[in-house]
Amino acid sequence: MLPGLKAKQLQNWSNRGVLDTGDQKPGKGLRRKYTPAGVIALDFMQEATLFGIPPANARQMADEYVAAADEFLGSNPEVITKADGCRWIPVTPEKMESFRKGRITRISDSEYHLFVERRDGVIPFEDRFSTIFHVALEVDYRVAMAVNRMFLLECGQI
C-alpha cells in the first residue's frame, strides 16, 4: 500500500509508542487494519522520516497533515470512475498548479513545524523570510496519490 514502508518499521514505531494502533494486537502473521486517515498519516510519516525528521516529531505533525487531507478531500476533488470500475483522482499538470504545498521547518533539534499553504495562497509574513531549515512537501498531491492507492486496493489491483 505504501511503497518502501516495511512491516518492521511499522512494528518499530508501534513498539516505541510513536504509532497509535489502538488496541490492535493481531498476533504473529496477521494484519493490522488502518483507517484511510491512518494510511494518509503513515504516508506523511514515511516521507518526513526520509527527510531525517525523527518519527516522534513526524507523528506530531501527522495530525495537521491529516487535517489538511480532510480539507483537500472535502473540497470535492474530481473523482472519475474508469472503465474497469476503479475510482481515481486525476492528477494532471494543470491540476498541480492548484494543489497546495507544505513546508516542514526545523525550529530546534527536537521541534519541527508543518506549514500547509492556505487555499488562497497567502504565506504568513514570518514564514516568508525565515532562513531556518525547510523541507518542501507536495501536500495535496501526496494525499491524492495515497487515496488513489486506496482506490486501487479497493479494486483489487494491488
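Structure: above.
Predicted, not measured: the structure shown is a model, and the values here were computed from it. (Residues numbered from 1 in each chain as written. Predicted model: local features only at pLDDT ≥ 70, side-chain atom pairs only at ≥ 80, totals over all residues. Heavy atoms only, no water.)

Our focus in this paragraph is helix α2 (residues 36–50). Given a rise of 1.5 Å per residue, 15 residues ought to cover 21 Å, and the 21 Å separating the end C-alpha atoms of α2 matches this to within 8%. Across the 15 residues that make up α2, a large majority, eleven, are buried. For α2, the full list of buried residues reads Gly38, Val39, Ile40, Ala41, Leu42, Asp43, Phe44, Met45, Gln46, Glu47 and Ala48. Where the residues of α2 are buried, they touch α1 (7–15), α3 (55–74), β3 (102–108), β4 (111–116), β5 (134–137) and α6 (139–154). Positioned one or two residues after α2, Gly52 has a phi angle of 95 degrees, which is positive. (Helix = DSSP H or I, 4+ residues; strand = E, 2+ residues; numbered from the N terminus. Expected span 1.5 Å × (residues − 1). Buried < 20%, exposed > 50% of the residue type's maximum accessible area, 1.4 Å probe, protein only. Contact = heavy atoms within 4.5 Å.)

Take the nonpolar core next. Counting residues in hydrophobic clusters, the biggest one holds 37 residues, and the most contacted among them are Ile40, Phe44, Tyr65, Ile104 and Leu114. Of all elements in the fold, only α1, α2, α3, β4, β5 and α6 reach the threshold of two or more residues within this core. Among the elements that line this core, the one with the most residues is α3, at eight residues. When residues no more than four places from it in sequence are discounted, the contact partners of Ile40 are Tyr65, Val66, Ala69, Leu73, Val143, Ala146, Val147 and Met150. (Core = buried A, V, L, I, M, F, W, Y, C linked by side-chain atoms within 4.5 Å.)

This next bit is on the packing of α3 against α6. Relative orientation of the contacting elements α3 and α6 amounts to 75 degrees, with a least axis distance of 10 Å. Classified by the angle between their axes, α3 and α6 sit roughly perpendicular to one another. Note on element contacts: α6 touches α3 through Val139, Asp140, Arg142, Val143, Ala144 and Val147, opposite Tyr65, Ala68, Ala69, Phe72 and Leu73. (Axes fitted to C-alpha atoms, helices over the stretch in contact; angles between N-to-C directions. Parallel < 35°, antiparallel > 145°, perpendicular 65-115°, else oblique.)

Now for the packing of aromatic side chains. Evaluation of the coordinates by the stated rule reveals two aromatic pairs. For the pair Phe72 and Phe99, a centre-to-centre distance of 5.5 Å together with 90 degrees between the ring planes defines the contact as edge-to-face. Of this pair, Phe72 sits in helix α3 while Phe99 sits in the loop between α4 (93–96) and β3, and the two are 27 residues apart along the sequence. Of the two residues examined, Phe72 and Phe99, each falls in the buried class. The aromatic ring of Trp88 is capped on one face by Lys82, whose charged end is 4.9 Å from the ring centroid. (Phe/Tyr/Trp six-rings, centres within 6.5 Å; stacked < 30°, edge-to-face > 60°. Lys NZ or Arg CZ within 6 Å of the ring centre and 35° of its normal.)

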